[in-house]
Amino acid sequence: VACGNKHILALLDGGYVCSWGTGYFGQLGHGDDSSWDHPRLIGALEPNRLHGAKVCQVACGGSHSGVITDNGWIFMWGLNRNSQCGVSSSSYRRDGSDTVLEPRITDLNGLAGDAPVSLVCGRNHSACVGASGRVYTWGAASFGRLGQMDARKKELVPKEVPFFHNKQVHSLAIGGFHSIA
């Protein structure tokens, strides 16, 4: 189970995922911005729709959500104003808004084949740990929360945090404006 600012994700047996709560930014993953007061299955993440892959971890941020599948994909959705979903939201919304209404695969080229094993989401940024123990971050870079030497306004896709290149990280936690490994 993962809790965001006003939404919840639950991972069920068989790799199915349910969500409920406030959906103003599409963070529930049902293809719209509706809110639900009871758990609802996210159809786009059903194993038969993922070519047999199953979700093995769920994560919630302030107004975005993400999952890792057992074959090493990350899917994210919800508010993407700072690229915290690691996907291009404008290509999925006709109105050009900063939301991704249903799960979309995150660009993992920055991981260079390092399979993600743990995903965390903050208010406006996200991070994962790869199987190598390396850390990757994306989203809002302000306040140094991404741990990147080049603290641009935002990082569009996952990028390795240089400090951890030769260090084995076991787990991450993220707050609104900070991260810890």
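The numbers attached to residues start from 1 for each chain and follow its sequence in the written order. For this predicted model, a pLDDT threshold of at least 70 governs which residues receive local features, and a threshold of 80 or more governs which side-chain atom pairs are given and counted, while totals over whole chains, interfaces and linings are taken from all residues. In computing side-chain values, all of the structure's heavy atoms are included and hydrogens and water are not.

Asks: Would you mind showing me how to read the layout of surface pockets here?
Replies: To find leftover empty space, one rolls a probe the size of a water molecule over the atoms. Estimated volume of the largest pocket: approximately 210 Å³. The distinction between a cavity and a pocket rests on a 1 Å grid over the protein atoms alone: a 1.4 Å probe fits inside a cavity but cannot get out, while a pocket stays open yet meets protein on both sides within 12 Å along at least five of seven lines, and a residue with an atom within 4 Å of a point counts as lining. In terms of lining, the largest pocket is formed by Asn5, Lys6, Thr22, Tyr24, Phe25, Gln27, Gly62, Ser63, Leu79, Arg81, Arg123 and Asn124. Its residues assigned to classes, the lining of the largest pocket comprises three nonpolar, six polar and three charged. Grid points are joined across faces, edges and corners, and a volume is the space filled by probe spheres set on the points. Throughout this entry, Asp, Glu, Lys and Arg are counted as charged residues, while Ala, Val, Leu, Ile, Met, Phe, Trp, Tyr, Cys and Pro are counted as nonpolar. The remaining residues, Gly among them, count as polar.

Asks: Just to check I follow, could you spell out the environment of Phe164 for this structure?
Replies: Labels follow the DSSP assignment, with helices taken as runs of H or I lasting at least four residues and strands as runs of E lasting at least two, numbered in each case from the N terminus. Looking at where Phe164 falls in the secondary structure, it is placed in the loop between strand S12 (154-160) and strand S13 (173-174). Since its relative accessible area comes to 18%, Phe164 is described here as buried. Along the backbone, Phe164 and Lys6 are 158 residues apart, and their C-alpha atoms lie at a distance of 32 Å. The classification of residues rests on relative accessible area computed with a 1.4 Å probe and restricted to protein chains. Under 20% of the type maximum is buried, over 50% is exposed, and intermediate values are partly exposed.

Asks: Please clarify how the sheet that holds strand S8 (residues 99-105) should be interpreted in this entry.
Replies: Whenever strands of a sheet pair, they do so through backbone hydrogen bonds, lying parallel or antiparallel. One requirement defines pairing of two strands: DSSP has to find at least two bridges between them. The antiparallel open sheet is built from four strands, whose spatial order is S5-S6-S7-S8. Where the open sheet ends on each side, the last strands, each with one partner, are strand S5 (55-60) and S8. Looking at each pair of strands side by side, their axes are set apart by 10° on average, direction ignored. With four bridges joining them, strand S7 (residues 74-79) and S8 adopt antiparallel strand pairing. Axis definition: a line fitted to C-alpha atoms, over the contacting stretch in the case of helices. Angles run 0 to 180 degrees between N-to-C directions.

Asks: Any chance you could explain the pattern of salt bridges here in plain terms?
Replies: Oppositely charged side chains can form a pair if their charged atoms are brought close together. In the sections that follow, a salt bridge refers to a side-chain nitrogen of Lys or Arg positioned within 4 Å of a carboxyl oxygen of Asp or Glu. One pass over the structure, following the stated rule, counts three salt bridges. For the salt bridge of Glu160 with Arg134, the shortest nitrogen-to-oxygen distance reads 3.6 Å. One end of the pair, Glu160, is in strand S12; the other, Arg134, is in the loop between strand S10 (125-130) and strand S11 (135-140), with 26 residues separating them in the sequence.

Asks: Looking at this model, I keep getting lost on the sheet that holds strand S4 (residues 36-41). Mind explaining?
Replies: With antiparallel pairing, four strands are arranged side by side in an open sheet as S1-S2-S3-S4. Each edge of the open sheet is held by one strand with a lone partner, namely strand S1 (2-3) and S4. Where strand S3 (residues 16-21) meets S4, three bridges bridge the pair, whose relative direction is antiparallel. Bridge pairing in S4 links Ser19 to Arg40.

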